[in-house]
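Report on the structure
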Amino acid sequence: MTVYKAPVRDINFVINELLDFNAHYQTIPSGAEATPDMIEAITAEAAKFAEEVLAPLNQSGDDQGCQWDDGVVTTPDGFKEAYQMWIEGGWQGLSHPVEYGGQGLPMSMGLIKSELVGTANWSWGMYPGLSLGAMNTLYVHGTEEQKQLYLTKLCEGTWTGTMCLTEAHCGSDLGQMRCKADPQDDGSYKIDGTKIFISAGEHDFAENIIHIVLARTPGAPEGTKGISLFIVPKFNTSEDGTITDRNGVKCGSIEHKMGIHGNATCVMNFDSATGYMLGKENEGLNAMFTFMNTARIGTAIQGLAASELAYQNALPYALDRYSMRSLSGVKNPEKVADAIIHHPDVRRMLLTAKAFAEGGRAMIYDAAKYSDRMVHADSQEDRDAAENELGFLTPILKAFLTETGLESASNAMQVFGGHGFIKEHGMEQIYRDARIATLYEGTTGIQAMDLIGRKVVLDSFKLYGSFCKKLYKFGFKNLISGKRRGYSAKLIGYTLSWNWHTVKMVARASKNRDAVGAASYDFLMYSGYLSMAYYWAMMAEVAAAKLAEGSSDKDFYEGKLETAEFYFSRLLPRAKGHAACMNSSTDSVMAMPLDRFTTR
Ligand SMILES: Cc1cc2nc3c(=O)[nH]c(=O)nc-3n(C[C@H](O)[C@H](O)[C@H](O)COP(=O)(O)OP(=O)(O)OC[C@H]3O[C@@H](n4cnc5c(N)ncnc54)[C@H](O)[C@@H]3O)c2cc1C
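Being a predicted model, the structure only gives us computed values, none of them experimental. (Residues numbered from 1 in each chain as written. Predicted model: local features only at pLDDT ≥ 70, side-chain atom pairs only at ≥ 80, totals over all residues. Heavy atoms only, no water.)

Here we come to the packing of aromatic side chains. Describing an aromatic ring pair means giving the distance of the ring centres and the angle of the ring planes. As enumerated under the stated definition, the model contains 30 aromatic pairs in all. A centroid spacing of 6.3 Å and a plane angle of 50° characterise the contact between Tyr150 and Trp159, whose relative ring orientation is tilted. As far as burial versus exposure is concerned, Tyr150 and Trp159 are alike and both buried. Within the aromatic cluster, the residues linked to one another by ring pairs are Phe49, Tyr83, Trp86, Trp91, Trp124, Tyr127 and Phe205. The residue whose ring lies beneath Arg9 is Phe556, and the NZ or CZ to ring-centre distance is 4.0 Å. The positively charged end of Arg246 is found above the aromatic ring belonging to Phe235, 5.4 Å away from the centroid. (Phe/Tyr/Trp six-rings, centres within 6.5 Å; stacked < 30°, edge-to-face > 60°. Buried < 20%, exposed > 50% of the residue type's maximum accessible area, 1.4 Å probe, protein only. Lys NZ or Arg CZ within 6 Å of the ring centre and 35° of its normal.)

Have a look at this one:
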């Protein structure tokens, strides 16, 4: 069975010493309440809930899974009781406005809570996680009446939310979507169609479920321009939220899947279900992006969670498993062999997971500041600026951190040798649960195309340019005055190389459009390694400064510096391989005719 101990020291390092959340909170209205004492207390409470309530349900939830019976879904033992404790603790509305029953704290505080919950038990965390996306969409696009009715219940947690996009024939390409919405005389719509793979679509946690559904109105334009967004409750209600009768939406079945067994993945049948338009007609996909960006950052957390949990569980095993002698001399003379942690290859695997977990945490928490700025912007211009900056980082965070999370899970399983493959140790569950993260909320391939296509080329390199400027600014400043100048030099070198390869790739694409698609994955991975290098360089600067001041927490800061050294020496150089692939011949990918794929 896996164990989980919330990495509170590292979280405090990131929010206080690295990113100075306190200063950031002085700049946003909801930050006034988020004093350092308050943050510490909330982190400690969330850590306790994650460690004591959720972590013990992780393996049993996987074993038991969800059960479906004629449209009714039962979650694993203990899940709904944990949810009851969650809502009694007021956790669901932590970062939502007080006027809708929330606690009005910054969005970034919600991300800390999501990391702790998600690492302890990802399947369970998806239920409140999906609700959060629905809450954000309602908050941004809902009318005041819709917010009063639905958002208050979602903040309270007595109702939960879902996101219904995918249909059997389309997931990435939502332009093909067919679900219909027919307008009714009373201003509502009748929704008809089937959505598949709907996480938390049905369960026994809450008295009502609010589905946020994409559908087409009659005569809507083809493709993505003809999609609208609807609120479809499981139970109809009166205006004050009193439940009246069952709506025409039912869970047709649940999927039997590789991982996240504790979370119900549902086929949802909408049969003349009453729905209400959310936002403007035919602008549903844009409105849904509010939801998707939240969910994508949430999924990036799943990557971080996989790295963290994998590392935490592989470490004690590596300290306590004995095999052969260390190459550099006996380390455990009292034992018949040395602990495997003395073998460089085992250390490589552990350090890779550690570097990805801590680097990922810094990346996500910094991005969380943009969500705070988005919510509290004084003007539309400021809101757009924050949203754009977050939008640029989102595909990198989502795809790079979920790919690296999966690698960490695989490495940690490897540390256990054959025992990693055996169920009782829980390592294979970490891998199975992490595997979905590179698929849903936009596959890695789709994120990669989004990054290079929409966020770089179509944006005329503006966001890309300002991101590079940030890296150069830090790099040059610390090249002169920093304590780890070598890292700054590397950061500058890798950024220059990124610029060169990007320009070269885009130039090649002007002659052959497939050059972009062929390069997209490598471009994204390069972007990920480079972004993480920026955070490791920053963390190294802070750690070195703390040591120079004579901090008493020497082991923590030395550990940071040693992990930074590993990152710059052993992980960042992988970017060179991605750069080489990025600008290799497109023909090597595209030349083979389809019928020759089969001539073997
Ligand atoms: C457990 C689980 C939970 C889910 N939860 C939800 C949920 O709550 N709500 C919801 O709406 N959906 C949900 N999904 C659906 C999920 O988001 C989709 O499965 C995902 O977006 C991929 O869509 P698809 O399966 O149709 O694959 P496809 O879109 O058919 O893609 C197949 C492959 O082709 C690649 N590809 C497709 N188009 C391109 C392109 N233009 N360029 C390059 N590569 C391309 C993809 O990267 C992928 O590798 C869930 C899925 C699972 C398995």
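Another point: the site of the ligand. What surrounds the ligand is a group of 18 residues, the closest being Thr166, Ser172, Phe197, Ser199 and Thr443. One of the backbone N or O atoms of Met163 is found 2.8 Å from a nitrogen atom in the ligand. Between an oxygen atom of the ligand and a main-chain N or O atom of Leu165, the distance comes to 2.8 Å. Within the complex, the protein chains bury 62% of what would otherwise be the 970 Å² of accessible surface of the ligand. Sorting elements by how many residues they give to the shell around the ligand places strand E5 (residues 189–199) first, with three residues. (Near = heavy atom within 4 Å. Polar contact = N/O pair within 3.5 Å; in protein donor to acceptor, adjacent residues only side chain to side chain. Areas by Shrake-Rupley, 256 points an atom, 1.4 Å probe, with all protein chains shown as cover. Helix = DSSP H or I, 4+ residues; strand = E, 2+ residues; numbered from the N terminus.)

This paragraph deals with unusual backbone geometry. The backbone phi angle of Asp20 is positive, close to 45°, even though this residue is not glycine. Here Asp20 is to be found in the loop between helix H1 (8–18) and helix H2 (21–25).

Now for the environment of Asp338. Along the chain, Asp338 falls in the loop between helix H9 (284–320) and helix H10 (344–376). Sequence spacing of Asp338 and Gly259 is 79 residues, and the spatial spacing of their C-alpha atoms is 35 Å. Setting aside residues no more than four positions away along its own chain, Asp338 makes contact with Arg321, Tyr322, Ser323, Met324, Arg325, Ser326, Gly329, Val330, Lys331, Asn332 and His343. At 2.7 Å, the side chain of Asp338 forms a polar contact with the side chain of Arg325. Among the polar contacts listed, one links the side chain of Asp338 to the backbone nitrogen of Asn332, at a separation of 2.6 Å. (Contact = heavy atoms within 4.5 Å.)

Turning next to the packing of helix H13 (residues 444–457) against helix H16 (residues 514–548). Running from N to C, H13 and H16 cross one another at 90°; their axes reach a closest spacing of 8 Å. In this view, H13 runs roughly perpendicular relative to H16, as classed from their interaxial angle. Two secondary-structure elements touch here, H13 through Thr444, Gln447, Ala448, Met449, Leu451, Ile452 and Val456 and H16 through Val516, Gly517, Ser520, Tyr521, Phe523, Leu524 and Ser527. Along the lines of polarity and charge, the residues of the contact of H13 with H16 split into nine nonpolar, five polar and no charged. (Axes fitted to C-alpha atoms, helices over the stretch in contact; angles between N-to-C directions. Parallel < 35°, antiparallel > 145°, perpendicular 65-115°, else oblique. Nonpolar A, V, L, I, M, F, W, Y, C, P; charged D, E, K, R; others polar.)

As paired elements, strand E8 (residues 235–237) and strand E9 (residues 243–246) share two bridges and run antiparallel to each other. If you follow Phe235 over to E9, its bridge partner there is Arg246. Joining the antiparallel neighbours E8 and E9 is a turn of five residues, in which Gly241 adopts a positive phi near 95°. (Pairing = 2+ DSSP bridges.)

Below, the discussion takes up the pattern of salt bridges. Summed over the entire model, instances satisfying the criterion amount to 23 salt bridges. The closest approach of N and O atoms between Glu51 and Lys5, which form a salt bridge, is 3.6 Å. One end of the pair, Glu51, is in helix H3 (residues 36–54); the other, Lys5, is in the segment before H1, with 46 residues separating them in the sequence. In this structure, the salt-bridge partner of Asp70 is Lys250, at a minimum N-O distance of 3.4 Å. Separated by 180 residues along the polypeptide, Asp70 in the loop between strand E1 (67–69) and strand E2 (72–74) and Lys250 in strand E10 (residues 249–254) bring together distant segments of the chain. Classification of Asp70 by relative accessible area gives exposed; the value is 53%. Shared partners join several salt bridges into a network, and the residues in it are Asp10, Glu115, Glu308, Lys354, Glu358, Arg361 and Lys560. (Salt bridge = Lys/Arg side-chain N within 4 Å of Asp/Glu carboxyl O.)

Moving on to empty space enclosed by the protein. Counted under the stated rule, the structure contains two cavities of 30 Å³ or more. In this structure, the largest cavity encloses a volume near 140 Å³. What lines the largest cavity is a set of 13 residues, among which Gly118, Trp122, Leu309, Ile430 and Asp433 lie closest to the centre. Elements with a minimum of two residues in the lining of the largest cavity: helix H6 (107–120), H9 and helix H12 (427–435). In terms of residue class, the lining of the largest cavity is made up of six nonpolar, six polar and one charged. In this structure, the second largest cavity occupies an estimated 50 Å³ of space. What lines the second largest cavity is Met363, Leu393, Ile396, Leu397, Phe467, Ser531 and Tyr535. If one sorts the elements of the lining of the second largest cavity by residue count, helix H11 (residues 380–415) sits on top with three residues. The residue inventory of the lining of the second largest cavity, partitioned by class, reads six nonpolar, one polar and no charged. (1 Å grid on protein atoms, 1.4 Å probe; cavity = no way out; pocket = protein on both sides within 12 Å on 5 of 7 lines; lining within 4 Å. Points joined across faces, edges and corners; volume = space filled by probe spheres on them.)

What follows deals with the packing of helix H7 (residues 122–141) against helix H8 (residues 144–156). One can describe the packing of H7 onto H8 by two numbers: an axis separation of 10 Å at closest approach and a directional angle of 155°. One way to sum up the angle between H7 and H8 is to call them roughly antiparallel. Handedness of the crossing formed by H7 with H8: left-handed. Only Gln146, Lys147, Tyr150, Leu151, Leu154 and Cys155 of H8 make contact with H7, whose side of the interface consists of Ser131, Ala134, Met135, Leu138 and Tyr139. (Left-handed = near helix turned anticlockwise from the far one by under 90°.)

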